[in-house]
Amino acid sequence: DTGVSQDPRHKITKRGQNVTFRCDPISEHNRLYWYRQTLGQGPEFLTYFQNEAQLEKSRLLSDRFSAERPKGSFSTLEIQRTEQGDSAMYLCASSSNRRIGSPYGYTFGSGTRLTVV
Amino acid sequence: TQLLEQSPQFLSIQEGENLTVYCNSSSVFSSLQWYRQEPGEGPVLLVTVVTGGEVKKLKRLTFQFGDARKDSSLHITAAQPGDTGLYLCAGVWNAGNMLTFGGGTRLMVKP
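None of the values given here were measured: they were computed from a predicted structure. (Residues numbered from 1 in each chain as written. Chains lettered and ligands numbered in written order. Predicted model: local features only at pLDDT ≥ 70, side-chain atom pairs only at ≥ 80, totals over all residues. Heavy atoms only, no water.)

Draft legend 1. Quick look at the overall build of chain A. If you tally the helices and strands in chain A, you get zero helices and eleven strands. Traced from its N-terminal end to its C-terminal end, chain A shows the element sequence β-β-β-β-β-β-β-β-β-β-β. Since a compact globule built from 117 residues should have a radius of gyration of about 13 Å, the 14 Å found for chain A is in line with a globular shape. For chain A, the spread of C-alpha atoms along the principal axes amounts to about 45 × 25 × 25 Å. Taking the intrachain contacts of chain A between residues at least 6 apart in sequence as the baseline, contacts between residues at least 24 apart amount to 55%. Taken as a whole, chain A presents about 6100 Å² of accessible surface, with 44% of it coming from carbon and sulfur. Taking the 16 positively charged and 12 negatively charged side chains of chain A as two groups, their mean positions are separated by 3 Å. (Helix = DSSP H or I, 4+ residues; strand = E, 2+ residues; numbered from the N terminus. Rg over C-alpha atoms; globule rule 2.2 N^0.38 Å. Contact = heavy atoms within 4.5 Å. Areas by Shrake-Rupley, 256 points an atom, 1.4 Å probe, with all protein chains shown as cover. Lys, Arg positive; Asp, Glu negative; His and termini not counted. Charge placed at Lys NZ, Arg CZ, Asp CG, Glu CD.)

Next up, the structure:
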């Protein structure tokens, strides 16, 4: 397994356009998370899935944001009608809650850097 | 709202110096993790601490979890330029919930 993959690595879009990002988690991980990180800050939680079920969404996730994980494998994050304030690094992470014993860590992808102009 | 505060926000030191980074919360963690992030990349897990008072070592890095499980520290001995990066603490307050990150400490180690 090559870890968590995110595509694209960089995206430049004009304000008002829609964008979609993809995340492929580690295959045996049943949990998938989306975070957003702006320059100089720590990652902020957006949403997470256990298998195909979206279990939690942050209040940061406006109606313009939607995430899916249709078959419990890869996930997509779509932003509609992008705004300049959406410019950030969008990070995907995966983990497993199936390990018995010590808490799991997250494995992050390299992120998708979005610039809205 | 559960907040994690990290200090200092920025740290610039010379190679060979020691440093300590702090992570504090008003809430009790069920577990806490430390990550290191390089520019343009995602965070990479360094360590997970679970038990109050726990100390873990990773080469020149020493991680400590407070007795009350509300705070943690990362100590680096004899820092090297390769230690440069953003150090993030992240906590879980309820088992099974997502990680909440602190704002990070940006470390620069000059040769």
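Here the narrative resumes.
Draft legend 2. Up close: the nonpolar core. Counting residues in each nonpolar core, the largest one holds 21 residues, and the members touching the most others are Leu19(B), Leu32(B), Trp34(B), Leu74(B), Ile76(B) and Leu107(B). Mapped by element, the contributors of at least two residues to this core are strand S3 (19-24), strand S4 (31-37), strand S5 (44-49), strand S7 (61-65), strand S8 (71-76), strand S9 (85-92) and strand S11 (105-110) of chain B. The contact partners of Leu74(B), leaving out residues within four places of it in the chain, are Leu19(B), Thr20(B), Val21(B), Trp34(B), Leu61(B), Thr62(B), Phe63(B) and Tyr87(B). Ranked by size, the runner-up nonpolar core spans 19 residues in total, among them Leu32(A), Trp34(A), Leu61(A) and Ile79(A). (Core = buried A, V, L, I, M, F, W, Y, C linked by side-chain atoms within 4.5 Å. Buried < 20%, exposed > 50% of the residue type's maximum accessible area, 1.4 Å probe, protein only.)

Draft legend 3. How the structure looks around the state of the cysteines. Per the counting criterion, the structure on display carries two disulfides over all chains. Note on cysteine connectivity: Cys23(A) is disulfide-linked to Cys92(A), with sulfurs 1.9 Å apart. Here the S-S torsion is close to -70 degrees, and the disulfide linking Cys23(A) with Cys92(A) is therefore left-handed. Taken together, the residues span a long stretch of sequence, with Cys23(A) in strand S3 (residues 19-24) and Cys92(A) in strand S9 (residues 88-95) at a distance of 69 residues. One exposure class covers both Cys23(A) and Cys92(A), and it is buried. Paired through a disulfide, Cys23(B) and Cys89(B) show a sulfur-sulfur distance of 2.0 Å. Since a negative S-S torsion denotes a left-handed disulfide, the Cys23(B)-Cys89(B) link at about 75 degrees is right-handed. Here Cys23(B), found in strand S3, pairs with Cys89(B), found in strand S9; they are 66 residues apart in sequence, far enough to count as distant. We classify Cys89(B) as buried; its relative accessible area is 0%. (Disulfide = S-S within 2.5 Å.)

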